[in-house]
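# Remarks on the overall topology
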Amino acid sequence: MAIGESGPSATGTGSSPRRLGAAFLGLLHSHVELFGIELQEQKARTVSLLLFAGLTLVFALLLLVGLSTLVLILFWDTYRLPAIIGLCVFYTLAALFCAMRLRAAIFDESSPFHGTLEELANDRERLLP
């Protein structure tokens, strides 16, 4: 081989790190793109959940006020005090139940970026021996 000639071994070793870098950048690009898509989906889901949770809360409170008023009107002449105490006990138990469910939901939430984490785990398994 002459000095100016480049054989298969010279181009093969020079392009191998380049191909590895390009493959790594392509992999990184796809993961970042997937993360961005999942982030947008999570944001839209969160906004929707907050909107419907707020509306549900407003209508449930209006219903509770109406039902409480109905119960008090029905029992005003005969069992006024037991009706008021019963409503207070019911509301206390309902509030405790909801607080326990909220606490469980907060601590048991799954990962919001499950797809990205799964793809990273798959890539790690493929790359490591």
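Residues numbered from 1 in each chain as written. Predicted model: local features only at pLDDT ≥ 70, side-chain atom pairs only at ≥ 80, totals over all residues. Heavy atoms only, no water.

Looking at an unreviewed UniProt entry, the chain carries the name Phage holin family protein, with the source organism given as Pseudomonas cucumis.

This part takes up the overall build of the chain. In terms of helices and strands, the chain carries three helices and zero strands. Ordered by position from the N terminus, the helices and strands of the chain form the series α-α-α. The proportion of buried residues among the 129 residues of the chain is 8%. (Helix = DSSP H or I, 4+ residues; strand = E, 2+ residues; numbered from the N terminus. Buried < 20%, exposed > 50% of the residue type's maximum accessible area, 1.4 Å probe, protein only.)

For the rest of this paragraph, the subject is the confidence of the model for the chain. Across the chain, pLDDT averages 81, with 83% of residues at or above 70. No element of the chain has a lower mean pLDDT than helix α3 (residues 114–127), which averages 74, and none a higher one than helix α2 (residues 80–107), which averages 89. (pLDDT = per-residue confidence, 0-100.)

Here we take up the packing of aromatic side chains. Aromatic ring pairs are described here by two measures, namely the spacing of the ring centres and the angle between the planes. One pass over the structure, following the stated rule, counts one aromatic pair. For the ring pair Phe90 and Tyr91, a centre distance of 5.7 Å and an interplane angle of 55° mean the geometry is tilted. The class for Tyr91 is partly exposed, based on a relative accessible area of 28%. (Phe/Tyr/Trp six-rings, centres within 6.5 Å; stacked < 30°, edge-to-face > 60°.)

Turning our attention to a nonpolar patch on the surface. A surface patch of nonpolar side chains, about 620 Å² in accessible area, is lined by Leu51, Phe52, Leu55, Val58, Phe59 and Leu62. Following the sequence through the fold, Leu55 ends up in helix α1 (residues 8–74). On the accessibility criterion, Leu55 (39% relative accessible area) is partly exposed. (Patch = residues over 30% accessible without salt bridge, like charges linked within 9 Å, V, L, I, M, F, W, Y side chains within 5 Å. Areas by Shrake-Rupley, 256 points an atom, 1.4 Å probe, with all protein chains shown as cover. Salt bridge = Lys/Arg side-chain N within 4 Å of Asp/Glu carboxyl O.)

UniProt records the feature "transmembrane region" (unreviewed entry) for residues 49–75 and 81–100 in the present numbering. Regarding residues 49–75, the helix share stands at 96% and the strand share at 0%, and the terminal C-alpha atoms are separated by 38 Å. Structurally, residues 81–100 is divided into 100% helix and 0% strand, and its ends, taken at the C-alpha atoms, are 29 Å apart. (UniProt positions renumbered as here; feature names shortened; annotations may be inferred.)

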